[in-house]
Amino acid sequence: MKDMNICLEDFNTGSTKFLTKDGANSQPSFSPDGEKIAFVHAKDLLGKKSSSELKIISLKDEAITIVLEDDNYNYNPSWSPDSNSIIYASRHDSQTDIWQLNLTDKSKKKISQDNTYKSNPVLSPDGKWILFTQKATKDSIDELYLLPLGGGETIRLTNTANFLEKPKNPTWLPDSSGVIYSSLVTLVVIDLQGQIVGQINLAGLNNVMGVFCDPKNSNAIFFKARPAQEASLNVYLYRVSRKTGAWEIVRKSSFFEAGYNVSPGGNKLVYAKPNKK
């Protein structure tokens, strides 16, 4: 959407406030020190060659700083554990690569070296691995891969049988021991070799999206979905237990809330949504 802004929510009180006022803003990401939020600001949205900036909001004074501005479409910022650099995807023409931005001197380093289509990079909490999706060809299924940040061979984690079962909404477990993603109405947990170590059946729910973990409670997983039995298009934010598979509604949500990211303390949530007029 053209008008999306970054919204900060207190998980304890439910209070919310917008941190940006206008434009196409998305994909917010808390820094591990909890002091800043990186996000994407799209430019020339309707043009043939759209581009985007990476920006940072200081939560101390809500000042916004541009940290990366060029002619490429830069997206999916993900912080290093020391909060001094950002991993991101950058698309130029038909090629997308993964880069690292040093926030001290603004230098850039290309991490991925091949010419395949890559997206959605997320750095592991321990800073050792980059999780990303990749297509062998433009029209093939997105699969999950790991790339060692320090260098080494790419590891393929998933091998999907068909388009309907492709992995969506991948995110790291808080201890970096594995990855969780949604597939149809199932949450799937895999280890760093791609072996399935857990599955949670979400039968009765549709449109599962926005998966994220509580950094302080490895048993709690959050996601957004729509109850299959409801005739309306109501969408809710849910919490599910990895141990029992029991899920509960946290609050009502919206199809227009996107890019959930939780603070290191687990008490604040940031996402993009339209401003209320």
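Below is a short write-up of the structure. (Residues numbered from 1 in each chain as written. Predicted model: local features only at pLDDT ≥ 70, side-chain atom pairs only at ≥ 80, totals over all residues. Heavy atoms only, no water.)

Regarding the overall build of the chain
Our working rule: For helices the rule is a DSSP run of H or I covering at least 4 residues; for strands it is a run of E covering at least 2, with both sets numbered from the N terminus onward. The size measure is the radius of gyration over C-alpha atoms, and the globule rule it meets is 2.2 Å times the number of residues to the 0.38 power. When accessible area is computed with a 1.4 Å probe and restricted to protein chains, residues below 20% of their type maximum are described as buried, those above 50% as exposed, and intermediate ones as partly exposed. Should any heavy atoms of two residues lie within 4.5 Å, those residues are counted as being in contact. For accessible areas, the Shrake-Rupley method is used with a probe of radius 1.4 Å. Any residue's cover is judged against the shown protein chains and nothing else.
Across its full length, the chain holds zero helices and 24 strands. Its C-alpha atoms give the chain a radius of gyration of 18 Å, near enough to 19 Å, the size a compact globule of 277 residues would have. Each principal axis of the C-alpha atoms in the chain carries an extent, and together these give about 50 × 45 × 35 Å. Out of the 277 residues in the chain, the part that is buried amounts to 49%. Residue pairs in contact within the chain that sit at least 24 positions apart in sequence constitute 35% of those at least 6 positions apart. Approximately 13,700 Å² of the chain is accessible, and the part contributed by carbon and sulfur atoms is 48%.

Some thoughts on unusual backbone geometry
Phi at Asn76 takes a positive value of approximately 55°, unusual for a residue other than glycine. Inspection of the secondary structure puts Asn76 in strand S7 (residues 73-79). The phi dihedral of Asn207 falls on the positive side, at around 55°, and the residue is not glycine. With respect to the helices, strands and loops of the structure, Asn207 is situated in strand S19 (residues 205-214).

What about the layout of surface pockets?
Rolled over the atoms, a probe with the dimensions of a water molecule shows which regions are left empty. Note the threshold: Only protein atoms enter the 1 Å grid used here. Points where a 1.4 Å probe fits but cannot escape make up a cavity, open sets with protein on both sides within 12 Å along at least five of seven lines make up a pocket, and a residue lines them when an atom lies within 4 Å of a point. Grid points are joined across faces, edges and corners, and a volume is the space filled by probe spheres set on the points. Just so you know the grouping, Ala, Val, Leu, Ile, Met, Phe, Trp, Tyr, Cys and Pro go in nonpolar, Asp, Glu, Lys and Arg go in charged, and all remaining residues, Gly too, go in polar.
Of the voids in this model, the second largest pocket is the one considered here, and its volume is about 240 Å³. As for the second largest pocket, its lining consists of 17 residues, of which Ile111, Ser112, Gln113, Leu147 and Gly152 are closest to the centre. For the lining of the second largest pocket, the class distribution of residues is six nonpolar, seven polar and four charged.

What about the environment of Pro264?
For Pro264, the position within the fold is in the loop between strand S23 (258-262) and strand S24 (268-273). Considered as a pair, Pro264 and Gln134 are 130 residues apart in the sequence and their alpha carbons are 28 Å apart. Once residues lying within four places of it in the same chain are set aside, the contact partners of Pro264 are Phe30, Ser31, Pro32, Gly34, Pro215 and Lys216.

Regarding the sheet that holds strand S12 (residues 129-135)
The criterion, for reference: For two strands to be treated as a pair, DSSP must find at least two bridges joining them.
Read across the open sheet, the four strands follow the order S11-S12-S13-S14; overall the sheet is antiparallel. The open sheet has two free edges, formed respectively by strand S11 (117-123) and strand S14 (155-156), since each of these has just one partner strand. Of the strand pairs in this sheet, S11 and S12 are connected by five bridges, and their pairing is antiparallel. Residue pairing across strands places Val122 opposite Leu131, the latter belonging to S12.

Some remarks on the sheet that holds strand S22 (residues 247-252)
To be explicit about the condition: All axes here are fitted lines through C-alpha atoms, helices being fitted over the stretch that makes contact, and every angle between N-to-C directions spans 0 to 180 degrees.
Read across the sheet, four strands follow the order S19-S20-S21-S22 without closing on themselves; strand pairing throughout is antiparallel. Bordering the open sheet on either side are S19 and S22, each of which pairs with just one other strand. Averaged over all adjacent pairs, the angle separating strand axes in this sheet is 30°, with direction ignored. Sheet analysis places strand S21 (residues 236-241) next to S22, joined by five bridges and oriented antiparallel. Within S22, the position partnered with Val240 by the bridge is Trp247.

Some points on the pairing of strand S13 (residues 143-148)
With six of six residues buried, S13 is to be regarded as a mostly interior element. Here S13 shows no split at all, with Glu143, Tyr145 and Leu147 on one side and Leu144, Leu146 and Pro148 on the other all buried. The pairing of S12 with S13 spans six bridges and is classified as antiparallel. Paired with Ile130 across the strands is Leu147, a residue of S13. In this sheet, S14 lies alongside S13 in antiparallel orientation, the contact comprising two bridges.

Focus on the packing of aromatic side chains
Spelled out, the test is: Any pair of Phe, Tyr and Trp rings, taking the six-membered ring for Trp, is counted once the centres come within 6.5 Å. Such a pair is stacked with planes under 30 degrees apart, edge-to-face with planes over 60 apart, and tilted for the rest.
In the structure shown here, the tally under the stated rule is nine aromatic pairs. With a centroid separation of 5.5 Å and 40° between ring planes, the pair formed by Tyr73 and Tyr75 is classed as tilted. As far as the burial class goes, Tyr73 and Tyr75 line up, both buried. Taken together, the aromatic side chains of Phe11, Phe212, Phe222, Tyr260 and Tyr271 make up a single cluster linked through ring pairs.

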